[in-house]
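What follows is each chain in one-letter form.
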Amino acid sequence: MARMKFLCDADRCIECNACVTACKNENEVPWGINRRRVVTINDGKPSERSISMACMHCTDAPCAAVCPVDCFYTTADAVVLHSKDLCIGCGYCFYACPFGAPQYPKVGNFGSRGKMDKCTFCAGGPEVDLSPVEFQKYGSNRLAEGKLPLCAEMCSTKSLLAGDGAIIAQIYKERVVKRGYGSGAWGWQTAYKETVAI
Amino acid sequence: MRFSAKIRLLVTGLLLTFAVALAVPASAQQVNPTADAMREQQFLDALKGNSSAELQGRITIPDQKAATLQRPAGREWREFHQGTMLRVAVISVLGTLLVLAAFYLIRGRIPMETGPAGRTLTRFNAFERFMHWLTAGCFIVLALSGLNVTFGKMALLPLVGPQAFTNISVVAKWAHNFLAWPFMLGVAMMFVVWVKDNIPDALDLRWFAAGGGIIGKGHPPAKRFNGGQKVVFWSVVLGGAALSVSGFYLLFPFYAGGVLNLQFWNVVHGLVSVVMVALMLGHIYIGSVGMEGAFDAMGSGEVDLNWAKAHHSLWAEDELQKGQVNGGPRLQPAE
């Protein structure tokens, strides 16, 4: 089985936010939640880079480790998913996540966050694949259709790569060798405890 | 000869072209656009010694919280929550239970040395008992629902299954959120009503030195509250205040000011809670099976005169001088 990963080639990202829009539309993400976002660091300086970031589907995911009701599970493709039926909205995954991925539909106080929502790698949830209830709770299940996440598929500069970690790392390596530079696979060291050796 | 000269010229020209072509990538690297772009490892290295740093950027969506690209502190909080927190909780809660069980087996129930006098002193009036049991009842529910957050998935989840465990945890969460308020009220009332009898003094040191009537033989003199009870009082007041403040921020996350603060308040809440649970286990033990006659103080509010003389000799003398003794034949009017 593949080990699914995201890789954002920051030297290609033009901050067009098409990934953000594609994700919201494909998954009918609720108001106020952005499963994917583009962050520009060192804005206005020569070292400025934009990085598209979402849930990185960590190896040994912190969200899953701290969840008091164990609502997370990892699929055979190493995608980290969760059950909204089991989630109690305690906020612990949000405390633990290094990428700010878990979000809640309500911004109320007094423990009224609602069920956590995050990027599913377009792999739905624990409901029956491609069922209406799965779409309603978790959004699209493109993996079950044999497709990759729409954010990466839509990327106009092919900056955002999604797929088998070994393959996208190879693609990135070839790019770096060919063009002679690369600012690295952001998030990999934190999420996977390894980076793309160039 | 002219032909070979032409060939030589052509070859030289081609070689020069190749040389220029090879030189181009070298000059392109001189304007490497990524030379000073930050890499993840640089960011992580820069964090050493400053674990609360976040990598902030600019974002074009309205949610400015999303401008944080990475916050590795989450990993440290996870280490705490799944490591230190569990160890501290297991050692303090189970350790206390083991110590109490061992103590009971060795020392047994501490009896009243002189039998009951048949006359009583009013130790706690109805209002004092109300505020004690309000706080105590809330504390037990808060402690169980709190321990469920840390230990439920190990202890309860395998027994009842995922959906039932979630249902229990949801009810526990609401109970925790709502019973926090009467708990805070109870702690505040106990502070106001009992603080005057709980100011530490030199007598408490002598009480501790003599083993407090638990470890040594006999009971050292004590006023209304002995040294041990003062420790319980101040632990409840200060621990309750710490739990109230930290719990308030966890319950109203938008006043806490960011995830890092929520992590901090969660650490405070967790550690203070388990220490409080351990302390209250000891308190419950002494107030119930551990010591004969002690429960009456919070049960009926009336304690036997001989118990009072043994445990709170100075307080009993004061009450006797005031003539606050109830029951018994000597107080009945002669007829």
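Residues numbered from 1 in each chain as written. Chains lettered and ligands numbered in written order. Predicted model: local features only at pLDDT ≥ 70, side-chain atom pairs only at ≥ 80, totals over all residues.

### Topic: the environment of His-57 of chain A
Residue and element names in this part refer to chain A. Turning to its location among the elements, His-57 is positioned in the loop between β3 (49-53) and α2 (62-66). Among the residues examined, His-57 registers 27 C-beta atoms within 10 Å and is labelled buried. Between the C-alpha atoms of His-57 and Phe-121, which are 64 residues apart in sequence, the distance is 8.1 Å. (Helix = DSSP H or I, 4+ residues; strand = E, 2+ residues; numbered from the N terminus. Buried ≥ 20, exposed ≤ 12 C-beta atoms within 10 Å, placed from the backbone.)

### So, helix α8 (residues 227-251) of chain B
All names here are of chain B. Here α8 is 25 residues long and its end C-alpha atoms lie 35 Å apart, about the 36 Å a rise of 1.5 Å per residue gives. Taken residue by residue, α8 has Gly-227, Gln-229, Lys-230, Val-236, Gly-240, Leu-243, Ser-246, Gly-247 and Leu-250 as its buried positions. Turning to α8, the residues buried within the fold contact α6 (162-194), α7 (202-209), α9 (253-256) and α10 (259-290). (Expected span 1.5 Å × (residues − 1). Contact = placed C-beta atoms within 7 Å.)

### Structural notes on the packing of α8 of chain B against α10 of chain B
What describes two packed helices is the angle between their axes and the distance between those same axes. All names here are of chain B. Interhelical geometry of α8 versus α10 gives an angle of 150° and a closest axis separation of 9 Å. Here α10 runs roughly antiparallel to α8, going by the angle between their axes. For the element pair α8 and α10, the recorded crossing hand is left-handed. Residue-level contacts link Val-232, Ser-235, Gly-239, Ala-242, Leu-243, Ser-246, Gly-247, Tyr-249 and Leu-250 of α8 to Asn-261, Leu-262, Trp-265, Asn-266, Val-268, His-269, Val-272, Ser-273, Met-276, Leu-279 and His-283 of α10. Per-class residue counts for the contact of α8 with α10 are 11 nonpolar, 9 polar and no charged. (Axes fitted to C-alpha atoms, helices over the stretch in contact; angles between N-to-C directions. Parallel < 35°, antiparallel > 145°, perpendicular 65-115°, else oblique. Left-handed = near helix turned anticlockwise from the far one by under 90°. Nonpolar A, V, L, I, M, F, W, Y, C, P; charged D, E, K, R; others polar.)

### Notes on the pairing of strand β1 (residues 4-8) of chain A
All names here are of chain A. With 5 of 5 residues buried, β1 lies mostly within the body of the structure. Side chains Met-4, Phe-6 and Cys-8 of β1 all project onto a buried face; the interleaved residues Lys-5 and Leu-7 project onto the opposite face, where all are buried too. Pairing between β1 and strand β6 (residues 160-164): 5 bridges, direction antiparallel. Following the sheet pairing, Cys-8 is matched in β6 by Leu-160. (Pairing = 2+ DSSP bridges.)

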